[in-house]
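# Residue-level structural notes
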Amino acid sequence: MNGSRILHEDDIAAAVEALAVEASVDLPRDVEDALRRAEANESQARSRYALRMMLENALVARERGLPLCQDTGRFHLFVELGEGVSLPHGFQEAADRGLDVATRRVPLRSSVVDDPLFSRDHRGDNRPVLIHIDNGGPGERAQLTLLAKGGGSENATHLFMLLPGEGSEGLKRAVTLAVGEKAAQACPPVVVGIGAGADAERALCLALKSLLRPLGSRNDRSDLAALEEEMLRDINALGIGAAGLGGDTTALDVHLEEAPTHIACLPVGVVLCCHSLRRRTIEV
């Protein structure tokens with residue numbers, strides 16, 4: 001992209017460092033509030049206790065500057081460029097440098113291996129940052145949002161290539177199946193991100209990006225918002241509950257995003273995030 005302003009690599013590194021530190025030790029208030037509502041409404045004693053421990057964990061992490069979870073996750077950086085803003089050639093290196101400083105500063109566990117198939121030796125850091133670039137940022141600035149996603153919830157990811165005729169009913173069946181199979185291993189209560197349409201890759205990206213929305217928010221389209229509410233009720237009716245102990249809240253929320261797709265296709269990506277939904281946003 002050509003633009004009148006190129007982000008400086010040092011500013012990028014400093015922003016990623018700050019985002020990674022804050023996201024790792026300070027649970028967002030919308031997530032904490034959702035956990036508090038879940039605890040207040042929980043009818044099962046074991047799940048209510050688990051929710052109380054999750055809230056206590058968040059308080060201790062915030063007060064002592066400790067990681068919210070021993071699995072410090074893979075770090076996704078969502079970049080939304082404003083008008084006339086472009087990225088430097090060394091953007092990836094700058095983001096990685098910021099994450100490396102944050103990893104040593106908190107400190108954070110190294111969660112990345114270089115060789116996924118054979119040696120699986122730890123890198124000793126959390127690089128590389130996984131970067132997603134889009135337009136739509138604030139004028140002449142860029143909005144950076146960092147999401148840290150743990151391995152347990154990542155292993156719960158599903159991609160369904162549905163037939164077009166299956167429509168919204170097929171989507172609901174697929175999502176309920178994915179959550180029913182894996183939510184108990186994804187540190188529930190989970191947040192369920194869903195991407196419908198585009199292609200296989202983009203459907204999963206849409207699902208992942210939907211996790212950035214504040215909990216309790218709804219899709220701007222009324223029919224999709226109603227579908228989010230319906231799926232949230234269906235998922236919580238599964239009874240998996242906090243920490244998989246059985247209870248009223250299996251999911252804190254469900255977010256659905258869609259995009260145009262091929263006439264012969266209906267891709268559906270399902271991405272779960274654990275109760276520790278770690279994200280932060282900054283403008284540079």
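Shown above is the structure to which this text applies.
Per chain, residue numbering runs from 1 following the sequence as it is written. Local features in a predicted model are, by the rule used here, given only for residues with pLDDT of at least 70; side-chain atom pairs are given and counted only at 80 or more, and totals for whole chains, interfaces and linings are based on all residues. Calculated side-chain values reflect all of the structure's heavy atoms, with hydrogen atoms and water omitted.

## Things to note about the overall build of the chain
For clarity, the threshold we go by: Here a helix means four or more residues in a row that DSSP labels H or I, a strand means two or more in a row labelled E, and each is numbered from the N terminus. Working definition: with a 1.4 Å probe on protein chains only, accessible area under 20% of the residue-type maximum means buried, over 50% means exposed, and in between means partly exposed. Note on contacts: a residue pair qualifies if any of its non-hydrogen atoms lie within 4.5 Å across the two residues. For the purpose of counting charges, residues Lys and Arg are taken to be positive, whereas Asp and Glu are taken to be negative. His and the chain ends are not included. By convention, the charge on Lys lies at NZ, on Arg at CZ, on Asp at CG and on Glu at CD.
Broken down by element type, the chain carries eight helices and 10 strands. In terms of overall dimensions, the chain has a C-alpha envelope of 50 × 50 × 45 Å along the principal axes. Across the 284 residues of the chain, 50% fall into the buried class. In the chain, once contacts between residues fewer than 6 apart in sequence are set aside, the share between residues at least 24 apart is 81%. Where the 31 positive side-chain charges of the chain centre and where its 42 negative ones centre are 5 Å apart.

## So, helix H1 (residues 9-25)
Applicable threshold: In this scheme, a helix's expected span is set at 1.5 Å multiplied by one less than its residue total.
Under the 1.5 Å per step criterion, the end-to-end length of H1 is 25 Å for 17 residues, consistent within 8% with the ideal 24 Å. Tucked inside the fold, the buried residues of H1 contact helix H3 (45-64), strand E2 (74-81), helix H4 (91-105), strand E5 (142-149) and strand E10 (278-283).

## Brief notes about the packing of helix H2 (residues 29-41) against H3
Heads up, the condition is: All axes here are fitted lines through C-alpha atoms, helices being fitted over the stretch that makes contact, and every angle between N-to-C directions spans 0 to 180 degrees. Roughly parallel means an angle under 35 degrees; roughly antiparallel means over 145; roughly perpendicular covers 65 to 115; every other angle is labelled oblique. Note on convention: near helix rotated counterclockwise from far helix by under a right angle means a left-handed crossing. Clockwise means right-handed. Only Asp, Glu, Lys and Arg are considered charged, only Ala, Val, Leu, Ile, Met, Phe, Trp, Tyr, Cys and Pro nonpolar, and every remaining residue, Gly among them, polar.
Closest axis-to-axis distance for the H2/H3 pair is 9 Å, and the angle between their directions is 150°. The pairing of H2 with H3 is recorded here as roughly antiparallel in orientation. Note on packing geometry: the crossing formed by H2 with H3 is left-handed. Between H2, through Arg29, Glu32, Leu35, Arg36, Ala38 and Glu39, and H3, the contact on the second element is made entirely by Arg48, Leu51, Arg52, Met54, Leu55 and Arg62. Among the residues making up the contact of H2 with H3, the classes are represented as five nonpolar, no polar and seven charged.

## Some remarks on the sheet that holds E2
Just so we agree on the cut-off: A pair of strands is treated as paired once DSSP finds two or more bridges between them.
Pairing within the open sheet is mixed, and its four strands lie in the order E4-E2-E5-E10. The sheet terminates laterally at strand E4 (130-135) and E10, the two strands that pair on one side only. Ignoring which end each strand starts from, the neighbouring axes of this sheet average 15° apart. Bridge count for E2 against E5 is eight bridges, and the pairing is antiparallel. For Glu80, the partnering residue across the bridge sits in E5 and is Gln143. Against the sheet, H4 makes contact with E2 and E4, and its axis sits at roughly 135° relative to E2, the strand it touches most.

## Topic: the sheet that holds strand E8 (residues 251-261)
One open sheet holds the four strands; their spatial order is E6-E9-E7-E8, and the pairing between them is mixed. Whereas interior strands pair on both sides, the edge strands pair on one side only; in this sheet they are strand E6 (158-162) and E8. Taking the axes of each pair of neighbouring strands and ignoring which way they run, one obtains an average angle of 15° across the sheet. The pairing of E6 with strand E9 (residues 266-273) spans five bridges and is classified as antiparallel. Across the sheet, the residue bridging to Leu159 is Gly269, located in E9. Sitting on the sheet, helix H6 (residues 167-182) is in contact with E6, strand E7 (190-198), E8 and E9, with an inclination near 155° to E6.

## Focus on the environment of Asp96
Inspection of the secondary structure puts Asp96 in helix H4. Remark: the alpha-carbon pair of Asp96 and Val16, spanning 80 residues in sequence, is separated by 8.2 Å. Excluding its chain neighbours within four sequence positions, the residues that come into contact with Asp96 are Arg127, Pro128 and Val129.

## Focus: the nonpolar core
Going by this rule: Residue types Ala, Val, Leu, Ile, Met, Phe, Trp, Tyr and Cys, when buried and joined through side-chain atoms within 4.5 Å, form a set referred to as a nonpolar core.
Counting 27 residues, the largest nonpolar core has Leu171, Val175, Val192 and Ile194 as its most contacted members. Breaking this core down by element, the ones donating at least two residues are E6, H6, E7, helix H8 (222-236), E8 and E9. Contacts of Val192, omitting those with residues within four sequence positions, involve Val175, Val179, Leu211, Ile235, Ala251, Asp253, Val254, His255, Val270, Val271 and Leu272. Within the second largest apolar cluster, 26 residues are counted, among which are Ala15, Leu19, Ala20 and Phe75.

## Here we look at the environment of Ala156
Relative to the assigned elements, Ala156 resides in the loop between helix H5 (151-154) and E6. On the accessibility criterion, Ala156 (1% relative accessible area) is buried. In this structure, the C-alpha to C-alpha distance between Ala156 and Ser43, residues 113 residues apart in sequence, is 26 Å. Setting aside anything within four residues of it in sequence, one finds Ala156 in contact with Lys182, Ala186, Val270 and Leu272.

## Remarks on the side chain of Glu32
Under the convention used in this document: Here a polar contact is taken to be a pair of N or O atoms separated by no more than 3.5 Å, where protein atoms must pair a possible hydrogen donor with a possible acceptor and residues adjacent in sequence count only if both atoms sit in side chains.
Relative to the helices and strands, Glu32 resides in helix H2. Within the local environment of Glu32, its side chain forms a polar contact with the side chain of Arg36, the two groups lying 2.9 Å apart. Not counting residues up to four positions away in its chain, the partners in contact with Glu32 are Leu27, Leu55 and Arg62.

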